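These are the residues of each chain, in order.
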Amino acid sequence: METYLVGGAVRDALMGLPVQDHDWVVVGATPQELLDQGYLPVGRDFPVFLHPVSKEEYALARTERNTAPGYRGFSVHAAPDVTLEEDLARRDLTINSIAIHVDSTRATGQFSLNDLVDPYKGRQDIVDKVLRHVTPAFREDPVRILRLARFAARFTDFTVAPETQALMRQMVDDGEVDHLVAERVWQELARGLMEAQPSRMFAVLRDCGALAHLLPELDCLWGVPQSVEHHPEVDTGVHVMLVLDLAARLQVSLPVRFACLTHDLGKGTTPADVLPRHIAHEERSVKLLKAVCARLRIPVECKELAEVVAREHGNIHRSAALNAAAIVRLLERCDAIRKPARFADILLACECDARGRLGLHDTPYPQAARLAAALTHAQSVATDVVATNAQLAGASGPKIGEWIHRARVQAVASGLDGAAR
């Protein structure tokens, strides 16, 4: 029985990056042997065990064979006769197919380059900064297209090997990505959105044709022109990617990044029989966004924030010209008084949209501070006192709400006038 450290831990160590997780492969063992040593079984589809002390995952060496289209059609063979090289061959990229024997890592946590087991030249691809598939078996799992795109967003100076690019294009042409389940698509997209340069993920997906299948609402934004006065980059797809990368630079949350990605979907060349062109692009954006969220089963927190941003980002950009009454209506539509933390995220997404334009990355966005101050003034209203006074005046039901609304307008007007002086 031999144990090896494999995958991302070896890759990141070779690249001088912090090692987050350790993946271990056990060669020449049976499940019973691991059970006898106190390992705890946790794998449902293949033999994976938790170490009795460290609780890290140890998997028996295995091979996989595709038996049906998509991610779920696999036959797994795990047995003592499966070699380390066979286990590494099933992995997606050469940079993830390097192993180190456990004896080389346990004592000091360090290892020598002579200790590497690297049958697929992953170390050289790390040096050359290339993302390359290990074997033609890459095509058996279309999730690997998404994973490679995610790695492109993480390792921003890596390129995709031409033969891997061609293989992914063939997989798309053969309909493999159409079999992906929604949960896996969102899982990989969400992880890619949180990488250093998420636009590179979408560039890879576009280059191989996968984006048109997975997110056609986004794919059709490229080539749609915008006013050069407001968008020096002109192309809507380019603008969305600039917005997204600025969000990554500001290290904002996943819901904010998703809102940045989807805020302008309505500007795409949507067929008239799906959404009539006379509908305002914000309304089209919300309708298309809801369809995306339903199809990919987007989490509620991401969905709700993105809907507000898609609907209101234009009004927030123009808010410097709004009076107190219009500002309070905007706050109410954003549910800012009940959910101030979410409103702060809405403002962040709008700031990314305003600054995510060619040459405007460092432009101030005073709308955010003004609306945040307006919210503070609106929150200062003692609604219980206003409601009591309204009832004493004979108001009830919705009329009490009108009293509260007017009090908030007055508070915002006074606060903003004071700030202006």
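Residues numbered from 1 in each chain as written. Predicted model: local features only at pLDDT ≥ 70, side-chain atom pairs only at ≥ 80, totals over all residues. Heavy atoms only, no water.

Trainee: What's the story with the overall build of the chain in this structure? I'm lost.
Mentor: Of the regular secondary structure elements, the chain holds 19 helices and 11 strands. If you line up the chain on its principal axes, its C-alpha atoms span 85 × 50 × 40 Å. Here the chain holds 421 residues, and 50% of them are scored as buried. Long-range pairs, those at least 24 residues apart, make up 65% of the contacts in the chain with a sequence separation of at least 6. Counting every atom, the chain has about 19,400 Å² of accessible surface; 52% of that belongs to carbon and sulfur. Taking the average place of the 47 positive charges on the side chains of the chain and the average place of its 55 negative ones, the gap between the two points comes to 7 Å. (Helix = DSSP H or I, 4+ residues; strand = E, 2+ residues; numbered from the N terminus. Buried < 20%, exposed > 50% of the residue type's maximum accessible area, 1.4 Å probe, protein only. Contact = heavy atoms within 4.5 Å. Areas by Shrake-Rupley, 256 points an atom, 1.4 Å probe, with all protein chains shown as cover. Lys, Arg positive; Asp, Glu negative; His and termini not counted. Charge placed at Lys NZ, Arg CZ, Asp CG, Glu CD.)

Trainee: Explanation requested: the nonpolar core in the structure shown.
Mentor: In a soluble, globular protein the nonpolar side chains are often hidden away together inside. Residues Ile145, Leu189, Phe202, Leu205, Leu218 and Phe258 are the most contacted members of the largest nonpolar core, which totals 103 residues. Setting aside residues no more than four positions away along its own chain, phenylalanine 258 makes contact with Trp186, Leu193, Leu289, Cys293, Ile298, Cys302 and Ala306. (Core = buried A, V, L, I, M, F, W, Y, C linked by side-chain atoms within 4.5 Å.)

Trainee: So what exactly am I meant to see when it comes to empty space enclosed by the protein here?
Mentor: Empty pockets left among the atoms are what a rolling probe the size of a water molecule brings to light. Applying the stated criterion to the full structure yields one cavity of 30 Å³ or more. Of the pockets and cavities examined, the largest cavity occupies roughly 30 Å³. Lining of the largest cavity is provided by Trp186, Leu189, Leu193, Leu215, Phe258, Leu261, Val292, Leu296 and Ile298. Elements that contribute at least two residues to the lining of the largest cavity include exactly helix H7 (182-193), helix H12 (254-262) and helix H13 (281-296). (1 Å grid on protein atoms, 1.4 Å probe; cavity = no way out; pocket = protein on both sides within 12 Å on 5 of 7 lines; lining within 4 Å. Points joined across faces, edges and corners; volume = space filled by probe spheres on them.)

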